[in-house]
Amino acid sequence: MLANGLKLGVYGLTDVGLNREHNEDSISWDIDLGLILLADGMGGHNAGEIASELAVTAIRDALLDVLTPDMLETRMIKCDEAVREAVIYANEEIHEQANKRIEYAGMGTTVVLTLFYDDKVTYAHVGDSRIYRFRNAELKQLTQDHSLVQEMIDSGYLSQEEAQVSTSRNLITRALGIAPDVEVDVVTDDLEQEDVYLLCSDGLSDLVGI
């Protein structure tokens, strides 16, 4: 699926950490499709786990349906449009399930994903899970958190240093499943040899401070 001799390798790991009894992250990938997904769920009674698993499953299945070899070869579909629609579909699925069962009420999840094809990568996110790229010995954050703290930084109310210790740093302003509609940030960029992409939840970015 990649061009110009580029090859894709994927490694994924989740860990419950030291402070919680269970992990609400879900990760998934499909090498043939060039798709990597990570979701970080939220909600009581293990509903966060349900939301994150629904997100990665719905997005993966939606993209497998539309990004067939024939569709890609004939350019009948644009990958960025397909990614956006897949995330919107996942939002609808999670929101529907949250309204059907009382124990799932209010559940939601962040999501980040990368889709590698030709010599391009399309990446998308909702919430405060992040995507980083390591290129030419530089680690760069590609996504901007959908969070209250990020809005306060953008407005000049908080510095980056103050944001790291803010009690509001885990309050997100966008998530899948919370509302019937969701705004998805989608970007397409060029790939280079030896690029490394890191998808992570705030469980890593908050702890390591990358």
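See above for the structure.
An account of the accompanying structure is given in this report. (Residues numbered from 1 in each chain as written. Predicted model: local features only at pLDDT ≥ 70, side-chain atom pairs only at ≥ 80, totals over all residues. Heavy atoms only, no water.)

If you walk across this open sheet you meet the 3 strands as 6-5-8, and the pairing is antiparallel. Looking at which strands have only one partner, the edges of the open sheet turn out to be strand 6 (138-141) and strand 8 (196-200). Across the sheet, the mean angle from the axis of one strand to that of its neighbour is 20°, orientation sign disregarded. Pairing of strand 5 (residues 130-135) with strand 6, which is carried by 4 bridges, proceeds in the antiparallel orientation. (Pairing = 2+ DSSP bridges. Helix = DSSP H or I, 4+ residues; strand = E, 2+ residues; numbered from the N terminus. Axes fitted to C-alpha atoms, helices over the stretch in contact; angles between N-to-C directions.)

Turning our eyes to something else, we now look at a nonpolar patch on the surface. Taken together, the side chains of I27, W29 and I31 present a nonpolar region at the surface, about 250 Å² in accessible area. Inspection of the secondary structure assignment puts W29 in strand 1 (residues 25-30). Its relative accessible area of 37% is what places W29 among the partly exposed residues. (Patch = residues over 30% accessible without salt bridge, like charges linked within 9 Å, V, L, I, M, F, W, Y side chains within 5 Å. Areas by Shrake-Rupley, 256 points an atom, 1.4 Å probe, with all protein chains shown as cover. Salt bridge = Lys/Arg side-chain N within 4 Å of Asp/Glu carboxyl O. Buried < 20%, exposed > 50% of the residue type's maximum accessible area, 1.4 Å probe, protein only.)

With that settled, consider helix 1 (residues 47-66). The end-to-end C-alpha distance of helix 1 is 29 Å, a good match for the 28 Å that 20 residues give at a rise of 1.5 Å each. Within helix 1, burial applies to A47, G48, A51, S52, A55, V56, A58, I59, A62 and L63. Structurally, helix 1 contributes buried residues whose contacts are with strand 1, strand 2 (35-42), helix 3 (79-100) and strand 3 (108-117). (Expected span 1.5 Å × (residues − 1). Contact = heavy atoms within 4.5 Å.)

Turning our attention to the side chain of H125. When you line up the elements, H125 lands in strand 4 (residues 120-126). Among the polar contacts made by the side chain of H125, one reaches the main-chain carbonyl oxygen of Q144 at a distance of 2.8 Å. When near neighbours in sequence (up to four residues on either side) are disregarded, H125 contacts V111, V112, T143, Q144, H146, V184 and D185. (Polar contact = N/O pair within 3.5 Å; in protein donor to acceptor, adjacent residues only side chain to side chain.)

Moving on: the environment of R135. Tracing the sequence through the fold places R135 in strand 5. Exposure remark for R135: the relative accessible area of 14% places this residue in the buried category. Along the chain, R135 and Q193 lie 58 residues apart, while their C-alpha atoms are 8.9 Å from each other. With near-sequence residues (within four places) excluded, R135 lies in contact with D190, L191, E192, D195 and Y197. Within the structure, R135 has its side chain in polar contact with the side chain of D195 (distance 2.7 Å).

Here we come to helix 3. For helix 3, with 22 residues, the first-to-last C-alpha span of 32 Å sits near the 32 Å given by 1.5 Å per residue. When we look at burial in helix 3, the residues that qualify are C79, A82, V83, A86, V87, A90, N91, I94, H95 and A98.

This structure, assessed with the given rule, holds 1 aromatic pair. Measuring from centroid to centroid gives 5.4 Å for F116 and Y197, while their planes differ by 75°, and the two rings are edge-to-face. You can see F116 sitting in strand 3 and its partner Y197 sitting in strand 8, a full 81 residues away along the chain. Across the pair, Y197 and F116 agree in class, each one buried. (Phe/Tyr/Trp six-rings, centres within 6.5 Å; stacked < 30°, edge-to-face > 60°.)

We now examine the sheet that holds strand 7 (residues 185-190). Judged by pairing direction, the sheet is antiparallel, and its 5 strands sit side by side in the order 1-2-3-4-7 without closing on themselves. Edge positions in the open sheet fall to strand 1 and strand 7, since each of these has one partner strand only. On average, each strand axis in the sheet is tilted by 10° relative to the strand beside it, whichever way the strands run. Sheet analysis places strand 1 next to strand 2, joined by 6 bridges and oriented antiparallel. Paired with S26 across the bridge in strand 2 is A39. Of the strands in this sheet, strand 1, strand 2 and strand 3 touch helix 1, which is tilted by about 155° from strand 2. Against the sheet, helix 3 touches strand 3, strand 4 and strand 7, its axis set at about 155° to strand 3.

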